[in-house]
Structure formats: C-alpha cells, structure tokens
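Chain residues, written in single-letter form:
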Amino acid sequence: MMNEVVVVGAGLAGLTAGYRLASAGVRVHVTEARPYVGGRTASWDERGMKVESGLHRYIGIYSALPRLMQDAGIDLSKALIWEDEVEIRVPDGPSALYGASPLRRPFRTIWNVAGPGKLCTPGERARLGAFFAAGLLHYAASGSTVLDRHTVRDFAKSKRVSDRTIERILVPLTEGLFFYPPERYSAYVLFALLAQGAKRALRSGVAAFSGGMTEVMADPIAERIRALGGTVETAAAATSLIVRGDRVVGITVRDREITAKEVVLATSLAPAQELVRKAFGIQSWNEGMLSLKTMPSATLQLELERPALPVDRGTFGPGTSLSAFTEQSRTTFTHVPGRLSIILSQAELRLLQRPEEILEEVCRDAPRLGFELKSIVRDYRVITLPHDFYSLTPGMEALRPPQETPIAGLTLAGDYTRQNYLTTMEGAVISGEHAAAVVTRRLNG
C-alpha cells in the first residue's frame, strides 16, 4: 500500500512533521539513516560510553518544542531540570555568574544589568548595551538586509565595543553557543536570536535534560507516531529521491523503494543537498539551498572519577579549547560519578586532530579556568560532525529555502529552512510544523 507521506530523517524536524501528520490521520513512514532517532539531538552508546550529539540546553523562550513534547505525552517536569544560571570564566582571570530566569532567579537576573560588572568596566558595559540596542533596532527595521553584511566583531567595533568585551562577552555568545567566533559569525544570526528572546524575556531560562535526548525526547515522539499508525524505521538511509514525470513519488532505501504521495525531506543540510542535487541538478528553485555552506561541530565528553565542577550549569571558557562546558553527573548522566561535556573551540581544527591530542589540550586549559581534569578522567569520547549546521557566516541568510518547493510531492524541513529561530531545536520543530502544514494543504488540494 502506498504511504501518504514519507518523511526522510528522524531528527526533531522530521519527528515533528511525522507526528503532526500522523495526529491528523495521515499515514506516515519516517526513515532514519542512523540506528537511533533524534538526529542532532540524539544520544547513543559509543563503544560502551553514553554520549550525545552535542551539548544541548532547553531554553525557556521556546514554545513550539514544549508544545510538541507535551502533545506527545512527555512530562516536562520530569524531562527538564532547570539550572537558570550561566557562568563565564576568563582564563587566568575573573569569573562571573549570570542569572537567566526573571521568574525563578529574579534577583540574580536583575543584577546582571544593575549590579557591578566583574568582566567589564561601566564604560565598556555601556558601549555593549549600545551595541545590543543598535543591533535589535537594525533587526526590527530591516531584518537581514543590513546585519547579514557584517560579522559580529565588525558590528561591535563600529559601536566602539572594546576587544576585551568582545573576548569576554561576545565570544561566549557566538563560539560557545554556535561554534563560530565573532569574526566569522553573522551579526544577523546573533540579533535574530536575541530578538526572539526579547519578545519572551519573562519566560527565559535554561534547563538540562534529565537523560539522553533520544530517551527523554525523541523516542517518546517516535513511539507516539507508531501508536497513531505510522512507521518509524531506523538504519534506513535514503539513497535517492524517486522522480517520475514532474513529481517526487518516494525514496530509495538500499535496494528497495518506499513510495508515497508526498515526501518531506527532513535531513540535515548536507544529505538534503546531496539528494536534491542527485535528483534535479542545479535549478533556479534549489540554487540557493545548494549554495548554502555547512559548518562542523566538535565536542569532548568525559566520564570522571568525581564531578569536575560543584554545580551542573552552562559555563563558558573564552580563549581556551573549552568554549562551553558543563558538569552533567547530577542532571543528564547520573549513572557515573562525574561527567563533563565540552563544546570545543576551532571545530575545523578538531576534525584533523587525534582524540588524545584534544584531551591533552583540554587538560592543559582546564586549570586556567579554575579546575583540574587530568587525574580524574576515566574514559572519554570525541564526537565530531563535519557538516552539523548550515554556516552562520554573513551572506548565508538569503540562501535559506522555504519549506514549500515548486516540485510536486517534495517539501523541505530542517532548521536551515526559513523560520525565525535559525539553528535551534525550536527552529527545527517550527520547520517541521510548517512542512506538515504544506503537505496537508497539498494532500487536501
């Protein structure tokens, strides 16, 4: 029997599209190349050690993601552990703790603005405030038109932000969160995300997941799709789109065809580009998408003899190999005495290094941030993803495609497609919901 919809990719975008369509009574078949669901929010066993695709945090301003989780039967009070603080540790220098929730940590959050600054002088803070205000005004007035021509560093320097402030504040905001330093990171991307946060400031907060994200989030959504009559198939990599006449009618998985009235291509950008290029070559409708560049990510995940840090919370180490890191033994990975996850700086370099070289560098840098690692490491894994996100360099925004394509039977989903939350879990969910709406309209039209 022909499926009504095949969804290619069981990351958040694909699971969202599959769940929303299945909930509407559509017969759905979701395929996933890996042996587990979750995509860039996956967790799995890597040669005997539990790992995840990257260091992820749930942000309180999200609305589509929590709605999806609750609709799929996930109890947010059990799935999330609110931390609501972040810390910046300057190597061989001061550190500062910032509240991230006006509701749960109001005094510390207010103190972020009103209190004395450890990392910057009052004058530097004033210029930083002017930089943020100017960027948000440009975003409101012209969107990407102006901001996507500039890097964060160039825009900051134009507002007289000091080099010290850039290194201590803006590096954590760009490299620590999305892998690129300010000199490579589009000012548009930064202010587009800050603008979404400003709209929902009272809901802001930061939470860890209470387990691996496949187990806590992705698996339950996949199970709901199955309970609604859909299929979720893992270890099933799509090798081509099936095109007959002027429409897409399915996919090839190894030596078999899976046909459908509609196909939602919900993989990450690089495999989506490969499938589209193979099926259609370069055409006017896909030229931008195929021109989008990708960017890598690299994390080091360590099991330790004891906790490395006294509290589980997001911490930034600008100017070191530890761009962002957190202890997770009290939150996500409670089965081991200590568990540190680290977003590594200079991700491109990490693709060329041996794991033992990376570990050695991190162990050298950790004491500069106030803690020691070398003597307590009992196991570790380096997880590198050469094509993790679409590139956040200036000029990429105009190349992002919409979810709807002019090709009959083909819809796109993924955080690289157009939506306001860019490279986030929220953005992936929103793209999946938009894709489901497009497919529903096509099926009913």
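Heads up: the structure comes first, above all this text.
Residues numbered from 1 in each chain as written. Predicted model: local features only at pLDDT ≥ 70, side-chain atom pairs only at ≥ 80, totals over all residues. Heavy atoms only, no water.

### Observations regarding helix α5 (residues 122-142)
Defined as follows: Helical segments are the DSSP runs of H or I of at least four residues, strand segments are the runs of E of at least two, and each set is numbered from the N terminus. One fewer than the residue count of a helix, multiplied by 1.5 Å, yields its expected span. Throughout this description, buried means an accessible area under 20% of the type-specific maximum (1.4 Å probe, protein chains only), exposed means over 50%, and partly exposed covers the range between. An arc is given here, and it is the one of the directions from the helix axis to the C-beta atoms. Any two residues whose heavy atoms approach within 4.5 Å are treated as being in contact.
Between its terminal C-alpha atoms α5 stretches 30 Å, which fits the 30 Å expected from 21 residues at 1.5 Å a residue. Every buried residue of α5 is listed here: E124, L128, F131, A134, G135 and Y139. The arc enclosing the buried residues of α5, seen along the axis, measures out at 135°, which places them on a common side. The exposed set on the far side of α5, more than 90 degrees from its buried face, consists of P122, A126, L137, A140 and A141. On its buried face, α5 is in contact with α6 (144-147), α7 (152-158), α8 (163-178) and α9 (187-199).

### Considering the packing of α5 against α8
Rules: Where helices are involved, their axes are fitted lines through C-alpha atoms of the stretch in contact, as for all axes, and angles between N-to-C directions lie from 0 to 180°. Working definition: roughly parallel below 35 degrees, roughly antiparallel above 145 degrees, roughly perpendicular at 65 to 115 degrees, and oblique for all remaining angles. Crossing handedness: left-handed means the near helix sits turned counterclockwise from the far one by under a right angle, and right-handed means the same turn made clockwise.
Relative orientation of the contacting elements α5 and α8 amounts to 45°, with a least axis distance of 10 Å. Our classification of the angle between α5 and α8 gives oblique. Along this stretch, α5 crosses α8, giving a crossing that reads as right-handed. Here E124, L128, F131 and F132 of α5 lie close against α8, whose contacting residues are R164, T165, I169, L170 and L173.

### Here's the deal with unusual backbone geometry
Keep in mind that most residues, glycine aside, have a negative phi and that most peptide bonds are trans. A positive phi angle, close to 55°, is found at R47, a residue other than glycine. Along the polypeptide, R47 turns up in the loop between β3 (43-46) and β4 (49-52). Classification of R47 by relative accessible area gives exposed; the value is 64%. Even without glycine at this site, L422 takes up a positive phi of about 50°. With relative accessibility at 0%, the residue L422 sits in the buried group.

### Notes on the nonpolar core
Note the following rule: Definition of nonpolar core: a set of buried residues of the types Ala, Val, Leu, Ile, Met, Phe, Trp, Tyr and Cys, connected through side-chain atoms within 4.5 Å.
Core analysis: the biggest nonpolar cluster contains 63 residues, and F131, Y185 and L410 have the highest contact counts within it. At eight residues, α9 tops the list of elements feeding residues into this core. Beyond its immediate stretch of four places on either side in the chain, L410 contacts L241, V248, E262, V263, L265, F280, W285, T405 and R442. Among the nonpolar cores identified, the runner-up in size contains 47 residues, and L12, A13, V28 and V216 belong to it.

### Topic: the sheet that holds strand β17 (residues 338-344)
Put simply, the test is: For two strands to be treated as a pair, DSSP must find no fewer than two bridges joining them.
Spatial strand order, β8-β7-β15-β16-β17-β14-β18: seven strands in an open sheet with mixed pairing. Strand pairing shows two members of the sheet lacking a second neighbour, β8 (95-99) and β18 (377-390), which therefore form its edges. The mean inter-strand angle of the sheet, taken between neighbouring strand axes irrespective of direction, is 20°. Pairing analysis gives 10 bridges linking strand β14 (residues 294-304) to β18, with the strands arranged antiparallel. By the bridge assignment for β18, Q301 is matched with R381. Across the sheet, helix α14 (residues 355-365) touches β14, β16 (322-327), β17 and β18, and the angle it forms with β18 is around 105°.

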